[in-house]
Amino acid sequence: MRTFMDEAEEQVRNAGGENGSAGADGGKQVFVFRSAAELCASRRRSEWLIRPILDEKKLAMIFGEATGMKSFLAIDTGLCIATKQSWHHHQVGRQGPVFYICGEGFAGRNARIKAWSQHHKVDLADVPFFVSERPAQFLDHKGSVEVHAAVDELHNIHGQPALIIVDTLNRNFGPGDENSTQDMTKFVSAMDQLRIRYQCTVLIIHHSGWSASERARGASALRAALDWEYKMTKNADGTRTFSCTKSKDHAEPPVLSFRPKVVSIDGWVDEDEEPVTSCVLEMLDQAIDPGKRNVLRGARRVAYEVLVSFGNESVHIDAWRNAAYRAGVSPSSSVNAKQKAFRRAVTDLLDAGLVKTENDYYRPAFTGQNRTFE
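In this report, the structure presented in the accompanying data block is examined. These numbers were taken from a predicted model, which means no experiment stands behind them.

Considering a negative patch on the surface
The grouping of Glu-271, Asp-272, Glu-273 and Glu-274 at the surface amounts to a negative patch. Here Glu-271 lies in the loop between strand 12 (256-269) and strand 13 (275-283). In this structure Glu-271 comes out as exposed when scored by relative accessible area, which is 70%.

Put into structure tokens, the structure is as follows:
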């Protein structure tokens, strides 16, 4: 019987291509080393799905209590990536097919998707967002193979997926115990199979612990394997807080807050002839936490303060750049030096989550007066 590792090894061998080197048996060498100088010869830039929330080809998770609206946010995220809509004023870097492996709540999924499309005025006819008809069984080898076959079929038609969502871990786990390190390791291996096979990001939706709501339920092997971990919290006023609890390779993005908005779906009625409703999440403007200091110096500080001076209106990149030049974004009088200083400042501000952009227009990510500098 073929195992997950058998398939992984075969995929690596097949991916060797021109970059592989000949091994002792004349085949392609698949385990290679690179020197430190070679690795650092050029900067490897992050490939963002949603800047600075989620990047490509990573393993991510959102966890929280049952009423935290994790699934609403997952659908919202997937549809934004499938349509390249801005995700709550955050730039979507890559559009691509999204596969939503649904483990529960099948009856309400279509209403949630329809409400999103109506709210955002998006025609779903050609949107590459696909929802499974039943849960997966990832700890069962046959169940995992069935998922691969279904994704392969649509992959051949619509292209490489950008994101696969597994909602929830428990309902798609299969025959095992999520508190068992051994079983959780097998589940992580199955997630890595999806991520490596399709070169995409995998987003897991999971519940918080029964007695410890500050962490996800189950064996710690899952958190150890994650590149990104987010917590979704329900607040007393009905709002939800979205906070990063682990970022492996990047600075943690700022905390975001959302308010549910009820959407009455046009033309849909229930068995009592009452309008069918669902919800979408709207992000709230919020000030930077005064307990945290955002350290901005040099070109980053000049560029940010110039953008703030325009108010909360979005500003075209050309207007922002010219104003930053006048404000002294670089001490050099060289146009080339000014260009480089401004370009680096914009990249750093985006990566820090202090600036948002859409279609070459930029604005501060936060409102209010709690902006502190050193």
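Here's the deal with the packing of aromatic side chains
Evaluation of the coordinates by the stated rule reveals 14 aromatic pairs. Ring geometry for Phe-99 against Phe-130: centres 5.4 Å apart, planes inclined by 25°, an arrangement best described as stacked. Here Phe-99, found in strand 6 (residues 98-102), pairs with Phe-130, found in strand 7 (residues 129-131); they are 31 residues apart in sequence, far enough to count as distant. Here the basic side chain of Arg-112 rests over the ring of Phe-72, its NZ or CZ set 4.0 Å away from the ring centre.

Quick notes on the nonpolar core
Among the nonpolar cores identified, the biggest contains 40 residues, and Trp-87, Phe-242 and Phe-258 are the most heavily contacted of them. Examining the composition of this core, we find that eight residues originate from one element, helix 3 (residues 70-83), more than from any other. If sequence neighbours within four positions are ignored, Phe-258 has contacts with Leu-73, Trp-87, His-88, Met-232, Thr-239, Arg-240, Phe-242, Leu-281, Glu-282, Met-283 and Leu-284. Residues Leu-59, Phe-63, Cys-200 and Leu-226 belong to the second largest nonpolar core, which totals 30 residues.

The rules behind the values
Residues numbered from 1 in each chain as written. Predicted model: local features only at pLDDT ≥ 70, side-chain atom pairs only at ≥ 80, totals over all residues. Heavy atoms only, no water. Patch = residues over 30% accessible without salt bridge, like charges linked within 9 Å, V, L, I, M, F, W, Y side chains within 5 Å. Areas by Shrake-Rupley, 256 points an atom, 1.4 Å probe, with all protein chains shown as cover. Salt bridge = Lys/Arg side-chain N within 4 Å of Asp/Glu carboxyl O. Lys, Arg positive; Asp, Glu negative; His and termini not counted. Charge placed at Lys NZ, Arg CZ, Asp CG, Glu CD. Helix = DSSP H or I, 4+ residues; strand = E, 2+ residues; numbered from the N terminus. Buried < 20%, exposed > 50% of the residue type's maximum accessible area, 1.4 Å probe, protein only. Phe/Tyr/Trp six-rings, centres within 6.5 Å; stacked < 30°, edge-to-face > 60°. Lys NZ or Arg CZ within 6 Å of the ring centre and 35° of its normal. Core = buried A, V, L, I, M, F, W, Y, C linked by side-chain atoms within 4.5 Å. Contact = heavy atoms within 4.5 Å.

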